[in-house]
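So you can see what is in the structure, the chains are spelled out below.
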Amino acid sequence: MSEHDSAAQRYAALRERLGPHFAPVGLYERNKALPFIGSVRCDVARLEAGSWHEIVLDYEVGAAGLADGGWFKATFKFYSDWALFQTSDPAAANYVSAEYQAGPLAPGQSPGTVQSLSVRFDQKGHERPFQKAVIVDVVDGYLNAGDHIIVRLGDRRGGGAGTRVQTFVEDRFRFRCYVDPLGTSRFAPVPGDVVIDVAPGAPARLLVAGPRFARPGERLPFRFSLQDRWGNACLGAGGALLVRAFAGAAQVYQARHAVPTEGWASVGVDDLPAAAGELRVLAEYVGGGAVRPATALVEVAARFPAPRSFYADLHVHASDTVGTNSPAYNAAYARDIGGIDVLGYTANDFQITDANWQLGVDTVEEFNQPGRFVCYPVQEWCGSSTAGGDHNVVFLGDEAPDFPYNRRGEHNRTFVWNEDMKGDAAELGRWPVEELWAAYVDEPERHLIMPHVGGRRYIPDWHHPELERLVEIASSWGHFGWLYQDVIERGYKIGVAASGDEHRGRPGGGPPGTQVFGVHGGLTGVLAERLDRHSIGRALRARHTWATTGEHSALLVRCGAHLQGDEFRLRGPATLEYDFLGAAGWEELAAYDHSGRIWQRNLHRELGFSERLIRLRWGGARIPDRYRWAAWQGRITIRNGTINRFQSHGFEHDEEVCWRAGPTEIGFRSETYGDADGVEIDVSNLRHCSVKVEGTIDSYAKTGDPLKRNPFVHAPTFCWEVSGEQLLRDGGMRLELGGTELFLALERLTERALPTSLAGALDVAPANGPFGHRPVYLFGRQRDDSKVWSSAMFIDFDDANGVS
């Protein structure tokens, strides 16, 4: 017996019991056949990341109907960088519309009375993680069961380009829909999420990942991976990679490697020669599309304090909290695409369920392979900034983590607050941060607590020296060198780390997207004698680290037998020897102590300034907290000079651009998160010209029309004019704009090649800080704005001649 026949029989019995009455004919049976809350369909099931489309969501009203004042929501996760929807210009991109379509009426049934639908987009329109929401309001009337609400994402009927899909790959991206059927503002989920597979595009570039330094004879594991234009790993590309290596002018290696025709288009190579000297590795994609060759450099020398450079990403989220794809997917990606050595699978502690945490820990054990790949489980303690801010707990040992519960049965979360809760009230656990420390202080060697900037920003008013050995100062949220300077000024003996804080399934220095995660994920370089949990864990707690903004660069600092991160006593001045190892060319080196910068090298100046090559650089962030980015739009005008050519540097993706706006003008548009972007310009007649820079700084628009400006209140506009003569005389000028290190800089550049490796030394005078030691760390920036920091050396000068 069909469901319809069953409903008909039940209604026949009901009519007999009720006696004479009036009701629309057949409506009872039809409504009983509908889901009570309704259903949603979508016209697409697979999309290419970063592509443009019109997408239709069709909500059929359920048996509950939709009352006057009711709402319908189509939500998706907050970390998605799907282009922001707008409702003000039907001819512009990302226009979203909603329209009502009446369903068929049963005999005797009155039509719905809804007059119109009102649609808006709100980035905080629902509950985490499904925070972004297209919200449809019912205006002046109700909808019948069986009526439809048609939502067009990227409505093209007015001439718009459609909507730009999120830029990163995701298996089973979800629109989760909710409805308020009674107009009470209490929402029920519509059964059955709209599921779309977001897939990579065609090969556009080649990623090479491997060690930046090694001792002679060590194994040099490299990964070569094809990526689409948004940095996603391509699938089943086929063809081959021609890999060659050169020592000076001599070719010392050549091999052709087939690219898989299924799965990730990635190849691992570990038979490169490791003879003393600099090895240049060149990879070329053959037999496929037009992809530029890629290079990597490896410095091989016996002087290095570790067998090779190890790279760690200790902060990676999966789909069990606020990330993308499974823990196993993320671990495999980090190893096989990111080409890193150490991974920290991380769970937001308030959100992870016991079952999902156990699945993640099991995955960690599966992927942990000493000598090849090290995995740690990580708890992210998600305390608000008022309670100390976010801290990650890396469980360094082989023992089962004391999370979610310790051996006494106490739970070590901040609190429990997730979709699977049985009640509405938060179950409080470890709060504030002192109680987090209390959970792990009895066995500090088994734990590394790492505060960080991301969402709930770490506040350095709190610090535990035995547990907090590293602080995260770069991630996909931005660059936070100011945080390391802050903790150093307070006298804390803490080293540096950088991580992905990856939410998009691309750990290991993953590429930028748009919106919240706008820069490359960071990496922590580790000096350890072996690649296993215990050796890496000891090195992390010893602060034998450096931090990069996602590149396989390196910064090594020594003082006699001491390494970066060490604390030691010394008589007389300290001589710090350094190695900066990069790829894009070093342009600035600096050393800092608790008082600020104490030493600097400008490589453009050292190599000789050009008489015609200059750069405008802009950067920083509006605020130090979550929605920090500054949206820049501006124009460079060269008066009485000729713009011969120009080129951008530091731009993260295709939606950050510069263009020729006229014979004497260059336009630019980008966003910065503590990083910096720039335009290099070749100018004739520089001495007699003037350079004018003007534009606007906008901020994050939580609600409202994304097509309208949302000016940064402290510096909504900027206008700066500098003479070429002054720029030639001074070599560089800088205009501070407030916020969190917002700035404009006009700088002279060299026309010579910047060095990719630099070794040298600097002397540090014997002067202790007010806390009894002198902390000194080094910093470097390359031409593409990639950065590196060393953990500080904490020097206690016996014969200090004063306090610096």
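Everything that follows concerns the structure shown earlier in this document.
Student: Is there a simple way to think about the overall build of the protein chain in this case?
Tutor: Looking only at helices and strands, the protein chain features nine helices and 54 strands. In terms of overall dimensions, the protein chain is globule-like: its C-alpha atoms have a radius of gyration of 29 Å, near the 28 Å expected for 804 residues. Seen through its principal axes, the protein chain has C-alpha atoms that stretch 105 × 75 × 55 Å. Out of the 804 residues in the protein chain, the part that is buried amounts to 61%. Pairs at least 24 residues apart make up 72% of the contacts formed inside the protein chain by residues separated by at least 6 positions. Total accessible area on the protein chain is roughly 30,100 Å²; 49% of this is exposed by carbon and sulfur atoms. The positive charge centre, built from 83 side chains, and the negative charge centre, built from 103, are 3 Å apart in the protein chain.

Student: Help me out: how do you make sense of the packing of aromatic side chains in this one?
Tutor: What describes a pair of aromatic rings is the distance from one ring centre to the other and the angle between the planes of the rings. All chains considered together, the criterion is met by 39 aromatic pairs. Judged by centre distance (6.1 Å) and plane angle (40°), the rings of Tyr-79 and Phe-168 are tilted. Here Phe-168 lies in the loop between β10 (163–164) and β11 (170–180) and Tyr-79 lies in the loop between β5 (71–76) and β6 (96–101), a separation of 89 residues in the sequence. We note that Tyr-79, like Phe-168, is buried. Measuring from centroid to centroid gives 6.1 Å for Phe-480 and Trp-482, while their planes differ by 80°, and the two rings are edge-to-face. Overall, the relative accessible area of 1% leaves Phe-480 in the buried class. Following the ring pairs from residue to residue traces out a cluster consisting of Phe-76, Trp-82, Phe-85, Phe-121, Phe-173 and Phe-175. A cation sits over an aromatic face here: Lys-73 above Phe-187, 4.1 Å from the ring centre.

Student: Any chance you could explain the nonpolar core here in plain terms?
Tutor: Inside soluble globular proteins, nonpolar side chains tend to come together where they are buried. In terms of nonpolar packing, the biggest core is built from 64 residues, with Phe-213, Trp-357, Tyr-440, Trp-546, Leu-576, Phe-580 and Leu-778 touching the most fellow members. For Leu-576, the contacting residues outside a window of four places in its chain are Val-557, Arg-558, Cys-559, Gly-760, Ala-761, Leu-762, Val-764, Val-776, Leu-778 and Met-793. By size, the runner-up hydrophobic cluster in this structure holds 37 residues, among which are Ala-49, Tyr-59, Val-96 and Phe-121.

Student: Please explain the side chain of Glu-299 as it appears in this structure.
Tutor: Positionally, Glu-299 belongs in strand β21 (residues 294–300). Residues contacting Glu-299, with those up to four places away along its chain left out, are Arg-212, Phe-213, Ala-214, Gly-277, Glu-278, Phe-304, Leu-581 and Ser-757.

Student: How do you make sense of the sheet that holds strand β47 (residues 690–698) when you look at a structure like this?
Tutor: Hydrogen bonds between backbone atoms are what pair the strands of a sheet, whose relative direction is either parallel or antiparallel. Pairing within the open sheet is antiparallel, and its five strands lie in the order β44-β45-β42-β47-β48. Each edge of the open sheet is held by one strand with a lone partner, namely β44 (657–662) and β48 (717–723). Within the sheet, the average angular offset between the axes of one strand and its neighbour, ignoring direction, is 20°.

Student: Explanation requested: helix α5 (residues 433–440) in the structure shown.
Tutor: Residue pairs three or four apart in sequence face the same way in an α-helix, which turns once every 3.6 residues. Looking only at α5, the buried set comprises Val-433, Leu-436, Trp-437, Ala-439 and Tyr-440. The buried residues of α5 occupy an angular sector of 155° when the element is viewed end-on, so they sit on one face. On the buried face of α5, the contacting elements are β24 (374–381), β25 (391–395) and β28 (447–451).

Student: What's the story with the pairing of β48 in this structure? I'm lost.
Tutor: Every regular strand shows the same layout, with side chains that alternate between the two sheet faces. Only one face of β48 is covered, namely the one carrying Phe-718, Trp-720 and Val-722; the face carrying Thr-717, Cys-719, Glu-721 and Ser-723 has none of its residues buried. Here β47 runs beside β48; their pairing, made up of seven bridges, is antiparallel. Within β48, the position partnered with Val-691 by the bridge is Val-722.

Student: Could you clarify how one ought to interpret the side chain of Asn-232 in this entry?
Tutor: Considering the arrangement of structural elements, one finds Asn-232 in the loop between β16 (222–227) and β17 (240–247). Within the structure, the side chain of Asn-232 is placed 3.1 Å from the backbone nitrogen of Val-169, a separation counted as a polar contact. At 2.9 Å, the side chain of Asn-232 forms a polar contact with the side chain of Arg-506. Not counting the four nearest positions on each side in its chain, Asn-232 is found in contact with Ala-49, Thr-167, Phe-168, Val-169, Pro-200, Leu-226, Gln-227 and Arg-506.

Student: Explain the packing of helix α3 (residues 327–336) against helix α4 (residues 354–367) to me, please; I cannot follow it from the model alone.
Tutor: When two helices pack together, their arrangement is captured by the angle between the axes and the distance separating the axes. One can describe the packing of α3 onto α4 by two numbers: an axis separation of 9 Å at closest approach and a directional angle of 30°. Comparing the axis directions of α3 and α4 gives the class roughly parallel. Two packed elements cross with a definite hand, and for α3 against α4 that hand is right-handed. Contact with α3, carried on its side by Pro-327, Ala-328, Ala-331, Ala-332 and Arg-335, involves Gly-360, Thr-363 and Phe-367 of α4 and no other residues of that element. Classifying every residue of the contact of α3 with α4 by side-chain character gives five nonpolar, two polar and one charged.

Student: Would you mind showing me how to read the pattern of salt bridges here?
Tutor: Oppositely charged side chains can pair when the atoms bearing their charge come close. Applying the stated criterion across every chain, the model contains 57 salt bridges. Arg-308 serves as the salt-bridge partner of Asp-341, at 3.0 Å between the closest nitrogen and oxygen. Taken together, the positions of Asp-341 in the loop between α3 and β23 (342–348) and Arg-308 in the loop between β21 and β22 (310–317) put the pair 33 residues apart, joining distant regions of the chain. Linked through salt bridges whose partners overlap, the residues forming this network are Glu-587, Glu-588, Arg-615, Arg-617, Glu-747 and Arg-781.

Student: Got a minute to help me understand the sheet that holds strand β1 (residues 38–42) in this structure?
Tutor: What the four strands build is an open sheet, ordered β1-β4-β9-β6; its pairing is antiparallel. In this open sheet, the two strands that pair with only one neighbour each are β1 and β6. For this sheet, the mean inter-axis angle between neighbouring strands, taken without regard to orientation, is 15°. Examined bridge by bridge, β6 and strand β9 (residues 148–153) share six bridges and lie antiparallel to one another. Looking across to β9, one finds that Tyr-100 is bridged to Ile-149.

Student: Would you mind showing me how to read the environment of Asp-698 here?
Tutor: Of note, Asp-698 is situated in strand β47. The exposure class assigned to Asp-698 is buried, which follows from its relative accessible area of 15%. A C-alpha to C-alpha distance of 65 Å links Asp-698 and Leu-18, two positions 680 residues apart in sequence. The contact partners of Asp-698, leaving out residues within four places of it in the chain, are Arg-622, Trp-629, Ala-630, Ala-631, Arg-709, Asn-710, Pro-711 and Phe-712. Only 2.7 Å separates the side chain of Asp-698 from the side chain of Arg-709, close enough to count as a polar contact.

Student: Would you take a moment to explain unusual backbone geometry for this structure?
Tutor: Only a minority of non-glycine residues have a phi that is not negative, and only a minority of peptide bonds are not trans. Of the consecutive residues Phe-403 and Pro-404, the connecting peptide bond is found in the cis state with omega at 0°. Tracing the chain through its elements places Pro-404 in the loop between β25 and β26 (415–416). With an omega of 0°, the peptide bond between Trp-431 and Pro-432 qualifies as cis. In this structure, Pro-432 sits in the loop between β27 (427–428) and α5. Notably, Asp-140 is not glycine yet its phi reads approximately 55°, a positive angle. By relative accessible area, which is 54% here, Asp-140 ends up exposed. If you check the backbone angles, Arg-172 has positive phi at about 65° while not being a glycine. Residue position: Arg-172 is located in strand β11. Exposure remark for Arg-172: the relative accessible area of 47% places this residue in the partly exposed category.

Student: Sorry, what's going on with the environment of Asp-442 here?
Tutor: By the element assignment, Asp-442 lies in the loop between α5 and β28. The spatial distance from the C-alpha of Asp-442 to the C-alpha of Pro-107 is 75 Å, given a sequence separation of 335 residues.

Cut-offs applied
Residues numbered from 1 in each chain as written. Predicted model: local features only at pLDDT ≥ 70, side-chain atom pairs only at ≥ 80, totals over all residues. Heavy atoms only, no water. Helix = DSSP H or I, 4+ residues; strand = E, 2+ residues; numbered from the N terminus. Rg over C-alpha atoms; globule rule 2.2 N^0.38 Å. Buried < 20%, exposed > 50% of the residue type's maximum accessible area, 1.4 Å probe, protein only. Contact = heavy atoms within 4.5 Å. Areas by Shrake-Rupley, 256 points an atom, 1.4 Å probe, with all protein chains shown as cover. Lys, Arg positive; Asp, Glu negative; His and termini not counted. Charge placed at Lys NZ, Arg CZ, Asp CG, Glu CD. Phe/Tyr/Trp six-rings, centres within 6.5 Å; stacked < 30°, edge-to-face > 60°. Lys NZ or Arg CZ within 6 Å of the ring centre and 35° of its normal. Core = buried A, V, L, I, M, F, W, Y, C linked by side-chain atoms within 4.5 Å. Pairing = 2+ DSSP bridges. Axes fitted to C-alpha atoms, helices over the stretch in contact; angles between N-to-C directions. Arc of directions from axis to C-beta. Polar contact = N/O pair within 3.5 Å; in protein donor to acceptor, adjacent residues only side chain to side chain. Parallel < 35°, antiparallel > 145°, perpendicular 65-115°, else oblique. Left-handed = near helix turned anticlockwise from the far one by under 90°. Nonpolar A, V, L, I, M, F, W, Y, C, P; charged D, E, K, R; others polar. Salt bridge = Lys/Arg side-chain N within 4 Å of Asp/Glu carboxyl O.

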